[in-house]
Amino acid sequence: MERDVESPVATRQPKLPKQVWEDSPRKGASGGKAAIKNVQRYVRKDGKCNVHHGNVRERYRYLTDIFTTLVDLQWRLNLLIFVMVYTTTWLFFGLIWWFIAFLRGDLLHIGDATWVPCVNNLNGFVSAFLFSIETETTIGYGYRFITDKCPEGIILLLVQSVMGSIVNAFMVGCMFVKISQPNKRAETLVFSTNAVISVRDGRLCLMFRVGDLRNSHIVEASIRAKLIKSKQTKEGEFIPLNQTDINVGYDTGDDRLFLVSPLIICHEINQLSPFWEISKAQMAKEDLEIVVILEGMVEATGMTCQARSSYVTSEILWGYRFTPALSLEEGFYEVDYNNFHETYETKTPACSAREMAEMMSKAELPLTWSVSTKLNEEDEEEEAEKPGQDEDKSREEQTEQNGEVANLESESKV
């Protein structure tokens, strides 16, 4: 598993058995226009998950995290709630100021210079509403002001000031988080329209390309990929939309990206890959989806950003490579994003990676067979020689024993 910076240098085709390569002629034109089927996506191309939650009975949980709920709302609803919260608080406290003036009889002594009202120049509900706005927003025009002969008004002034500060902190914080969300930063992280399968370094690989359109970089960028495919277990349990990890360099560290220029993310199809036994013909019949997730921190704000995309079966081109998008100019490298999504056809095995590995092993079999056969023949010769050697040794031992017996008999006669 590896990633590559684009290079215009042509690579040599690996030496594989002739029967491995597909019979279709190689085309130099880019494209790979496959017949697009109407498939149901789990994750759309823009990164939004195509999942709707229905029959949620515990909706009270949304209110326990009201801040996140407000941030997640659409902009038009968020702005509507923002305006309604401030308007409601102004009307609520304005009504209380008018009610205090009504109970004290201030409205009946308008224009009476001997009467000390709770709030000077408060002569109706409209003026009470304006005084409520002035109090909460600390505008203080000076025309309406509270007197020291109204203890209930002083208490209400303290309560409204504290409540106004809480409302300001909550709503302004909500709007700030809504504005500074890194979702828009993810719009400048792009994925190739198609994924491709071709041979790289003698191995069949699944590849796709990622890039960053901004000059400010994504810090600590990392890439992940998952295969979304329904499966049935050996016990008969059906698991819809089962998620399987696709190794794009986790064990080697290649999943951590330095995303300055477009990179090709590579997944080697080996024994641990879910595509190990899938051939070109089988791939066209598969109902699967590959979800890719790019994460990192925005360099300007330090907030975490995540971009997503997906590839369905019709968007996986077998036997193609990506057209180089990086070129060396005078003193700098230039990325041509016109070639970012472009592919070109290349000579690629039509069989599965497992069959390809078996054919490659068979191509090396005669040499291995001759050496092992020779070793086996030498072992057999040694084993064939051992019985003869054992018989000679036994004869020599018998002769020595007979000689010793004859000597003993001659000595006894003497």
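Refer to the structure presented above.
None of the values given here were measured: they were computed from a predicted structure.

Some thoughts on the overall build of the protein
Scanning the protein for helices and strands turns up eight helices and 15 strands. Taking all 414 residues of the protein together, 36% fall into the buried category.

Looking at the packing of aromatic side chains
For any pair of aromatic rings, geometry is given as the distance between the ring centres together with the angle between the planes. What the rule picks out here adds up to eight aromatic pairs. Seen in terms of ring centroids, Phe67 and Phe170 are 5.8 Å apart; in terms of plane orientation they differ by 80°. Their pairing is edge-to-face. With Phe67 in helix α2 (residues 66-72) and Phe170 in helix α5 (residues 151-179), this residue pair connects regions lying 103 residues apart in the sequence. Aromatic ring contacts, followed pair by pair, group Phe82, Tyr86 and Trp90 into a single cluster. Here the basic side chain of Lys178 rests over the ring of Trp75, its NZ or CZ set 5.6 Å away from the ring centre.

A few points about the state of the cysteines
Applying the stated rule across the entire model yields one disulfide. The partner cysteine of Cys118 in its disulfide is Cys150, sulfur to sulfur 2.1 Å. What sets the handedness of the Cys118 and Cys150 disulfide is the S-S torsion sign, and at about -75° it is left-handed. In this pair, Cys118 sits in the loop between α3 (75-104) and α4 (125-137) while Cys150 sits in the loop between α4 and α5, placing the two residues 32 residues apart along the sequence. As a non-bridged cysteine, Cys266 has Cys205 as the owner of its nearest cysteine sulfur, 3.6 Å distant. We classify Cys266 as buried; its relative accessible area is 1%.

Re α5
For α5, spanning 29 residues, the distance from its first C-alpha to its last is 42 Å, which sits close to the expected 42 Å at 1.5 Å a residue. Gly153, Leu156, Gln160, Gly164, Val167, Met171, Cys174, Met175 and Lys178 are the residues of α5 that are buried. The inward-facing, buried residues of α5 abut α2, α3 and α4.

Structural notes on the pattern of salt bridges
Per the stated rule, a full pass over the model turns up 13 salt bridges. The partner of Arg104 in a salt bridge is Glu152, and the shortest N-O contact between them spans 3.6 Å. Within this pair, whereas Arg104 is found in helix α3, its partner Glu152 is found in helix α5, the two being separated by 48 residues in sequence. Assessed through its relative accessible area of 23%, Arg104 is described here as partly exposed. A salt bridge links Lys229 to Glu286, with the shortest nitrogen-to-oxygen separation between them at 2.6 Å. In this pair, Lys229 sits in strand β5 (residues 218-232) while Glu286 sits in the loop between α6 (280-285) and β9 (289-298), placing the two residues 57 residues apart along the sequence. We classify Lys229 as partly exposed; its relative accessible area is 28%.

Some remarks on a nonpolar patch on the surface
The grouping of Leu91, Leu95, Phe125, Val126 and Leu130 at the surface amounts to a nonpolar patch, some 420 Å² of accessible area in total. Of all the secondary-structure elements, those providing two or more residues to the nonpolar patch are α3 and α4. The element best represented in the nonpolar patch is α4, accounting for three residues. Position of Leu91 among the secondary structure elements: in helix α3. Residue Leu91 is classed as partly exposed on the basis of its relative accessible area of 36%.

So, the environment of Asn50
With respect to the secondary-structure elements, Asn50 resides in the loop between β1 (3-5) and α1 (60-64). Note on Asn50: relative accessible area 24%, which makes it partly exposed. A sequence separation of ten residues divides Asn50 from Gln40, and the C-alpha atoms of the two residues are 8.6 Å apart. For Asn50, the residues in contact, after removing those within four places along its chain, are Gln40, Arg41, Tyr42, Val43 and Arg44.

Some points on the packing of α3 against α5
Where α3 meets α5, the axes come as close as 11 Å, and the angle between the chain directions of the two elements is 175°. Looking at the two axes, α3 sits roughly antiparallel to α5. In terms of residue class, the contact of α3 with α5 is made up of 20 nonpolar, five polar and three charged.

Side note on the nonpolar core
Of all hydrophobic cores here, the largest spans 39 residues; its most connected members are Val210, Ile223, Phe275, Ile290 and Ile316. If you tally residues by element for this core, the top one is β5, at five residues. Excluding residues within four positions of it along the chain, Ile223 makes contact with Phe191, Phe208, Val210, Val248, Asp255, Leu257, Ile265, Ile293 and Leu294.

Comments concerning the pairing of β5
Summarising the sheet, β5 and β9 pair through nine bridges and their orientation is antiparallel. Residue Ala225 lies in a different strand from β9, and its bridge partner there is Val292. Looking at chain direction, β5 and strand β7 (residues 256-257) are connected through two bridges and run antiparallel. In the sheet register, Ser222 faces β7, and the bridge partner there is Arg256. Of the pairings in the sheet, the one linking β5 to strand β6 (residues 238-245) comprises six bridges and is antiparallel in character. Note on β6: the bridge partner recorded for Lys229 is Asn242. Counting the residues in the hairpin turn of β5 and β6 gives five residues, including Gly236, whose phi is positive at 95°.

Conventions adopted
- Residues numbered from 1 in each chain as written.
- Predicted model: local features only at pLDDT ≥ 70, side-chain atom pairs only at ≥ 80, totals over all residues.
- Heavy atoms only, no water.
- Helix = DSSP H or I, 4+ residues; strand = E, 2+ residues; numbered from the N terminus.
- Buried < 20%, exposed > 50% of the residue type's maximum accessible area, 1.4 Å probe, protein only.
- Phe/Tyr/Trp six-rings, centres within 6.5 Å; stacked < 30°, edge-to-face > 60°.
- Lys NZ or Arg CZ within 6 Å of the ring centre and 35° of its normal.
- Disulfide = S-S within 2.5 Å.
- Expected span 1.5 Å × (residues − 1).
- Contact = heavy atoms within 4.5 Å.
- Salt bridge = Lys/Arg side-chain N within 4 Å of Asp/Glu carboxyl O.
- Patch = residues over 30% accessible without salt bridge, like charges linked within 9 Å, V, L, I, M, F, W, Y side chains within 5 Å.
- Areas by Shrake-Rupley, 256 points an atom, 1.4 Å probe, with all protein chains shown as cover.
- Axes fitted to C-alpha atoms, helices over the stretch in contact; angles between N-to-C directions.
- Parallel < 35°, antiparallel > 145°, perpendicular 65-115°, else oblique.
- Nonpolar A, V, L, I, M, F, W, Y, C, P; charged D, E, K, R; others polar.
- Core = buried A, V, L, I, M, F, W, Y, C linked by side-chain atoms within 4.5 Å.
- Pairing = 2+ DSSP bridges.

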